[in-house]
Amino acid sequence: MLKIALAGSIASGKSTVEAILRDKGYDVYDTDKIVHEILDSSQEVMRQFSEFDIFTNGRIDRKKLGNIVFSDTKLLRELENIIHPKVKEEILKIFEEKKDVVFISVPQLYESGFDRMFDKVIFVTADEKVRLERLMQRNSISSEEALIRIKAQKDEEEKIKKSDYVLKNNSDLDALQENLDSILNNILL
């Protein structure tokens, strides 16, 4: 099995790349969805963050939790220490499925140390201004909130250096597909 990670900074276009890959018939998994499932049922997160206003209708509200952890590095690390081991467990289950090629989108690939689990890494990137606009629109948040989330992530240049392939996503969908096809030809041939 060829294990390929999709990484990238927030609002870089990983979801769009995932959709393109699915349209091409590849198996694509998203660890953000795994995290959402974990948060929906995690008693440990509920206990750890019980003193904060993170609940809506008795359930963890990801937007509220995000606002708290993205403005406090210590709290973000506490959350990651709960979530990352559970995500790793789920990734290992996917690897047991014995497919020829699998793509897994892992936004926190290098921060979590999961990069060592993959054969290749495709890093999706876009200029900060582009990401800021996408994040504000996607999450219906202010530019200040979006900038806090962007700045909470580690330096993109370091991640790019560690990645096998870099996929720029500043332009339109056609350009993105063309660049992705070029990378796939290199990896899969």
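Relevant structure appears above.
Along each chain, residues carry numbers from 1 onward, in the same order as the chain's sequence is written. Selection of residues for local features in this predicted model requires a pLDDT of at least 70, selection of side-chain atom pairs for listing and counting requires 80 or more, and totals for whole chains, interfaces and linings are taken over all residues. To obtain the side-chain values, all non-hydrogen atoms of the structure were used and water was disregarded.

## A few points about the overall build of the protein chain
- Each helix and strand counted, the protein chain has ten helices and seven strands in total.
- Its C-alpha radius of gyration of 17 Å places the protein chain within 12% of the 16 Å reference for a compact globule of 189 residues.
- With respect to the principal axes defined by its C-alpha atoms, the protein chain has extents near 55 × 40 × 30 Å.
- Residues count as neighbours in contact if any of their non-hydrogen atoms are within 4.5 Å of one another. Contacts spanning at least 24 positions in sequence make up 69% of the contacts within the protein chain whose residues lie at least 6 apart.
- Per-residue accessibility takes into account occlusion by the displayed protein chains alone, with areas from the Shrake-Rupley method and a 1.4 Å probe. When the accessible surface of the protein chain is totalled, it reaches about 10300 Å², and 46% of it is carbon and sulfur.
- His is not counted, nor are the chain ends; Lys and Arg add positive charge and Asp and Glu add negative charge. Here the site of a charge means NZ on Lys, CZ on Arg, CG on Asp, or CD on Glu. Across the protein chain, the centroid of the 30 positively charged side chains sits 2 Å from that of the 36 negatively charged ones. Starting at the N terminus, helices and strands are each numbered in turn, a helix being any DSSP run of H or I of at least four residues and a strand any DSSP run of E of at least two. In this setup the radius of gyration rests on C-alpha atoms only. A globule is expected at 2.2 Å times the number of residues raised to 0.38.

## Focus: the pattern of salt bridges
- Think of a salt bridge as a Lys or Arg side-chain nitrogen and an Asp or Glu carboxyl oxygen that are within 4 Å of each other. All chains considered together, the criterion is met by 14 salt bridges.
- Here Arg 22 makes a salt bridge to Glu 18, at a shortest N to O gap of 3.5 Å. Pair noted here: Arg 22 and Glu 18 are both in helix α1 (residues 14-23), with a separation of four residues, about one helical turn.
- The class for Arg 22 is partly exposed, based on a relative accessible area of 35%.
- Residues Arg 59 and Asp 40 are paired through a salt bridge, measuring 3.5 Å at the closest nitrogen-oxygen approach. Taken as a pair, Arg 59 in strand β4 (residues 59-60) and Asp 40 in helix α2 (residues 31-41) lie far apart in primary sequence, 19 residues in all.
- Each member of the salt-bridge network shares a partner with another, and the members are Asp 27, Glu 97 and Lys 99. Per-residue accessibility, obtained with a 1.4 Å probe over protein chains only, is compared with the maximum for each type, and a residue is labelled buried under 20%, exposed over 50%, and partly exposed between these values.

## Points about the nonpolar core
- Put simply, a nonpolar core is a bunch of buried Ala, Val, Leu, Ile, Met, Phe, Trp, Tyr and Cys residues held in one set by side-chain atoms that sit within 4.5 Å of each other. Counting 33 residues, the largest nonpolar core has Val 45, Leu 65, Leu 109 and Phe 118 as its most contacted members.
- The dominant element in this core, judged by the number of residues it contributes, is helix α5 (residues 73-95), at nine residues.
- If near-sequence neighbours (up to four positions away) are discounted, Phe 118 is found in contact with Lys 3, Ile 4, Ala 5, Ile 91, Phe 95, Ile 104, Val 106 and Leu 109.
- Ranked by size, the runner-up nonpolar core spans 17 residues in total, among them Val 101, Ile 122, Ile 183 and Leu 184.

## A word on the sheet that holds strand β7 (residues 165-168)
- Here, any two strands with at least 2 DSSP bridges between them count as paired. Taking strand neighbours across the sheet as the criterion, the five strands line up as β2-β5-β1-β6-β7 in an open arrangement whose pairing is parallel. Two strands bound the open sheet, and with one partner strand each, they are β2 (27-30) and β7. Going across the sheet, the axis of each strand differs from the next one's by a mean of 25 degrees, ignoring polarity.
- Relative to β7, strand β6 (residues 120-125) runs parallel, the two being bridged by four bridges. Opposite Phe 123, over in β7, you have Val 166 as the bridge partner.
- For every element, the axis is a line fit to its C-alpha atoms; helices are fit only across the contacting stretch, and the angle between N-to-C directions ranges from 0 to 180 degrees. Packed on one face of the sheet, α1 meets β1 (2-8), β2, β5 (101-105), β6 and β7 and runs near 150 degrees to β1.
- Seen against the sheet, α2 touches β2 and β5 and runs at an angle of roughly 45 degrees to β2.

## Brief notes about the environment of Asn 179
- Following the sequence through the fold, Asn 179 ends up in helix α10 (residues 173-188).
- The spatial distance from the C-alpha of Asn 179 to the C-alpha of Leu 167 is 6.6 Å, given a sequence separation of twelve residues.
- Ignoring sequence-local partners within four residues, the contact set of Asn 179 consists of Leu 167 and Lys 168.

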